[in-house]
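Structural description and commentary
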Amino acid sequence: DVLLVRQPSDQQDASGWLMRHVTEAGLDLIKRFEGFSPKIYICPAGYPTIGYGHVVLAHEQDQFAGGVTQAEATELLRKDVRIAERAVLRLISVPLTDGQFDALISFTFNLGAGALQRSTLRRKVNRGEHQAVPAELMKWVWAAGKRLPGLVRRRQAEGVAYASEPSAGMKIENDSVREARTG
């Protein structure tokens, strides 16, 4: 039996059902590797960025011209990470612990949903080959043909989060609401 719960609109998917979110530990993992910038800067990929990796769109330039506080940047990150949350919920079909979910959210936030979608990493997760995931993460440490130390550290941290033992009651069905609606 699955209990279906309506949530406030900021915690719902498009159809109004409960959507799983990254934990505070997962947000902290992303923050640690994105770093904080109170002012707009050009990231290595060439995009204007502010806060914890928020890409500043053309229509946002004036809004962020004066900079952001860490609290404002955290709220921006919570909104930005929803794209990664929806992607992981759509692409992963097995139950995940919070640590596994957080690791996949960090990976997807960093590299995009397309990287997760076409990866052997996703196939191994969906086959339940969880012990292979940390090694799969380590394949994603290259940019412009170079192995980047920052990406190595990030993938190692994601691997640790993925492999961490859940505390009692932490194992949560991945999007169990979707199962209830379709099953």
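Criteria and cut-off values
Residues numbered from 1 in each chain as written. Predicted model: local features only at pLDDT ≥ 70, side-chain atom pairs only at ≥ 80, totals over all residues. Heavy atoms only, no water. Buried < 20%, exposed > 50% of the residue type's maximum accessible area, 1.4 Å probe, protein only. Helix = DSSP H or I, 4+ residues; strand = E, 2+ residues; numbered from the N terminus. Arc of directions from axis to C-beta. Contact = heavy atoms within 4.5 Å. Salt bridge = Lys/Arg side-chain N within 4 Å of Asp/Glu carboxyl O. Core = buried A, V, L, I, M, F, W, Y, C linked by side-chain atoms within 4.5 Å.

For the rest of this paragraph, the subject is helix 1 (residues 24-34). Inspection of helix 1 places G26, L27, L29 and I30 among the buried residues, and these make up the whole buried set. Around the axis of helix 1, the buried residues are gathered within 155° of arc, so they sit on the same side. Across helix 1 from its buried face, at more than 90 degrees, point the exposed residues A25 and R32. Among the structural elements, helix 3 (70-91), helix 4 (98-111) and helix 8 (149-163) are those in contact with the buried residues of helix 1. Two residues or fewer after helix 1 comes G35, characterised by a positive phi angle close to 75°.

Taken as a whole and assessed by the stated rule, the structure comprises nine salt bridges. Salt-bridge contacts for E75 lead to R78; the nearest nitrogen and oxygen are separated by 3.2 Å. Here R78 and E75 lie together in helix 3, a separation of three residues that amounts to about one turn. E75 sits in the partly exposed class, given a relative accessible area of 41%. Close ionic contact of E129 with R127 constitutes a salt bridge, the shortest N to O distance being 2.8 Å.

Core analysis: the largest hydrophobic core is formed by 33 residues, its most contacted members being V88, L96, L104, I105, L121 and V125. Of all the elements in the fold, those that place two or more residues in this core are helix 1, helix 3, helix 4, helix 6 (120-126), helix 7 (133-137) and helix 8. Looking at this core, the element that brings in the most residues is helix 3, giving eight residues. Non-local contacts of V125, meaning those with residues more than four positions away in its chain, are made with I92, V94, L96, L104, H130, V133 and Y162.

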